[in-house]
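Here is how the chains run, residue by residue.
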Number of protein chains: 2
Amino acid sequence: MLQFTKRTEYALIALVHMVDREGEVTSVRELCERYPLPKRLLAEVLKDLSHAGLVVSHRGAQGGYSLAAPAERLTLGAIIGAIEGVPTLTNCDALALSRDGGCEVHPVCPIRSPIERVRENIWRLFEATSLRSLVPDPRAGRTEVIQRLRESLATGAPH
Amino acid sequence: MLQFTKRTEYALIALVHMVDREGEVTSVRELCERYPLPKRLLAEVLKDLSHAGLVVSHRGAQGGYSLAAPAERLTLGAIIGAIEGVPTLTNCDALALSRDGGCEVHPVCPIRSPIERVRENIWRLFEATSLRSLVPDPRAGRTEVIQRLRESLATGAPH
DNA sequence: CAATATAGCACTGAAATGGTGCTATATGGC
DNA sequence: GCCATATAGCACCATTTCAGTGCTATATTG
Ligand code: SF4
Ligand code: SF4
């Protein structure tokens, strides 16, 4: 439905929270005390982020998670990719997988390539959006997203 | 999963096909002879497009559908909106609906506003993408999407 | 009137997603 | 050493969404 999953939203909430406490270690319990989220599910999400290398886990008492890189370097694209996988936007890509998983229309599909262009643009937007730019009231960098996107569009021509 | 539904893809295929035959009337049968799509489902999709005013229906024998406007005026945004509804990207919007449908996190959600900005950008991209620009080999206007988006970004600042 | 084609509406089956159970393992403090 | 805390891993169920179909009515052409 062209919508972020709850898992992705939870990941973003956790990460934005962690930006405010950059350098510190944040546990799932802390997050759940602050936001009314299902603890176990949030834990799964943090695990995924850890697997993707976006956060670093610290096990044991006093443990938790901390950002694996400065908030400027963590992009929305990387976050979405970690939780939902790289957005496909179409179903063509299933072709590369199981044999009969491919789209029947593929050979005569008139929209494959055009849609791919749109997909690239969206993905580019996500990649150009840093985690820090998602933190409310950064005071500076309010227009970072737009600026970066514009640069990105200027260079990478859509095919 | 941040992906178009099959219905939307089918709509795009039908519309792109109709651009090639602008001015003519295209029936669901014709479309199904050309592309291996489930006829009944495609019919439902065309109905939706008709309801949204993107195509004009012609009932009875020799009937079918024709574009309701030049392909330049039909935007990807309008098409998606017609089939899937306006993309919400988050679930906040459910608040406006049933009473207990609202998100629990809403009052303390730190990502609502930032995500909204992202949503605006994506939506803007869709609005800036005309149906004609989705037709393969338009010869001209290959970069129309990028051009329009750039203009759009230059004027409408993201809030 | 018969053939074609859309209009409308509800329904089923499959897949994705939200959310949970349970067990193992690592760390810090007493 | 032992216990409380916290992540790791993995499977599982419940809900929602989505793809696809059934059936009937209505409009148009010849
Ligand atoms: S081939 Fe065409 S119809 Fe099939 S999944 Fe790709 S874009 Fe969609
Ligand atoms: S309030 Fe926050 S968590 Fe809830 S749906 Fe909106 S963005 Fe997502």
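Residues numbered from 1 in each chain as written. Chains lettered and ligands numbered in written order. Predicted model: local features only at pLDDT ≥ 70, side-chain atom pairs only at ≥ 80, totals over all residues. Heavy atoms only, no water.

S.K.: Could you give an account of the overall build of chain A, with specific residues and numbers?
M.R.: Helix and strand counts for chain A stand at six helices and two strands. Starting at the N terminus and walking to the C terminus, you meet the elements of chain A as α-α-α-β-β-α-α-α. The burial tally for chain A puts 48% of its 159 residues in the buried class. Of the contacts formed within chain A by residues at least 6 apart in sequence, a portion of 65% connects residues at least 24 apart. (Helix = DSSP H or I, 4+ residues; strand = E, 2+ residues; numbered from the N terminus. Buried < 20%, exposed > 50% of the residue type's maximum accessible area, 1.4 Å probe, protein only. Contact = heavy atoms within 4.5 Å.)

S.K.: Tell me about the protein's contact with DNA strand C, residues and numbers included.
M.R.: DNA strand C sits among 29 residues. The nearest are A:K6, A:R40, B:K47, B:H51 and B:Y65. Here DNA strand C approaches the protein such that, of its atoms within 4 Å, sugar and phosphate make up 58%. In this structure, A:R7 approaches DNA strand C through a side-chain N or O atom, which is 3.3 Å from a base nitrogen. Interatomic distance of 3.2 Å between a side-chain N/O atom of A:Y10 and a phosphate oxygen of DNA strand C. Contributions of two or more residues to the surface near DNA strand C are made by α1 (6–20) and α3 (39–51) of chain A together with α2 (28–34), α3 (39–51), β1 (55–58) and β2 (64–67) of chain B. When residues of the surface near DNA strand C are assigned to their parent elements, the largest contribution, five residues, is made by α3(B). Per-class residue counts for the surface near DNA strand C are eight nonpolar, eleven polar and ten charged. (Near = heavy atom within 4 Å. Polar contact = N/O pair within 3.5 Å; in protein donor to acceptor, adjacent residues only side chain to side chain. Nonpolar A, V, L, I, M, F, W, Y, C, P; charged D, E, K, R; others polar.)

S.K.: Which residues make up the protein's contact with DNA strand D, and what values go with them?
M.R.: Around DNA strand D sit 27 residues, and of these A:K47, A:H51, A:Y65, B:K6 and B:R40 come closest. Close to the protein, within 4 Å, the atoms of DNA strand D belong to sugar or phosphate groups at a rate of 59%. At 3.3 Å, a side-chain N or O of B:R7 approaches a base nitrogen of DNA strand D. For the surface near DNA strand D, the secondary-structure elements that each account for two or more residues are α2 (28–34), α3, β1 (55–58) and β2 (64–67) of chain A together with α1 (6–20) and α3 of chain B. A total of five residues in the surface near DNA strand D trace back to one element, the largest contributor, which is α3(A). Tallied by class, residues from the surface near DNA strand D come to eight nonpolar, nine polar and ten charged.

S.K.: Account for the pairing of β2(A), naming residues and giving values.
M.R.: Looking down a regular strand, the side chains alternate between one sheet face and the other. Residues and elements named next belong to chain A. The alternating pattern of β2 places G64 and S66 and Y65 and L67 on opposite faces, both of which are buried. Pairing of β1 with β2 involves four bridges; the strand directions are antiparallel. Bridging from a neighbouring strand, V56 pairs with S66 of β2. A loop of five residues connects β1 with β2, the two strands running antiparallel in sequence, and G60 in this loop sits at a positive phi of about 85°. (Pairing = 2+ DSSP bridges.)

S.K.: I'd like a rundown of the state of the cysteines, residues and numbers included.
M.R.: Per the counting criterion, the structure on display carries zero disulfides over all chains. A:C32 takes part in no disulfide bond, and the closest cysteine sulfur, belonging to B:C103, lies 13 Å away. For A:C32, a relative accessible area of 19% gives the class buried. (Disulfide = S-S within 2.5 Å.)

S.K.: Hey, could you go over the pattern of salt bridges for me, with residue numbers and the actual values?
M.R.: Throughout the structure, instances matching the rule amount to 16 salt bridges over all chains. Of the charged contacts, one joins A:E116 and A:R119 as a salt bridge, the two residues approaching to 3.1 Å between their closest N and O atoms. Placement of both A:E116 and A:R119 in helix α5 (residues 112–127) is noted, with a separation of three residues, approximately one turn of the helix. Among the salt bridges present, the one from B:R124 reaches B:E120, with a minimum N-O distance of 3.9 Å. Taken as a pair, B:R124 and B:E120 lie in helix α5 (residues 112–127) at a separation of four residues, close to a single helical turn. (Salt bridge = Lys/Arg side-chain N within 4 Å of Asp/Glu carboxyl O.)

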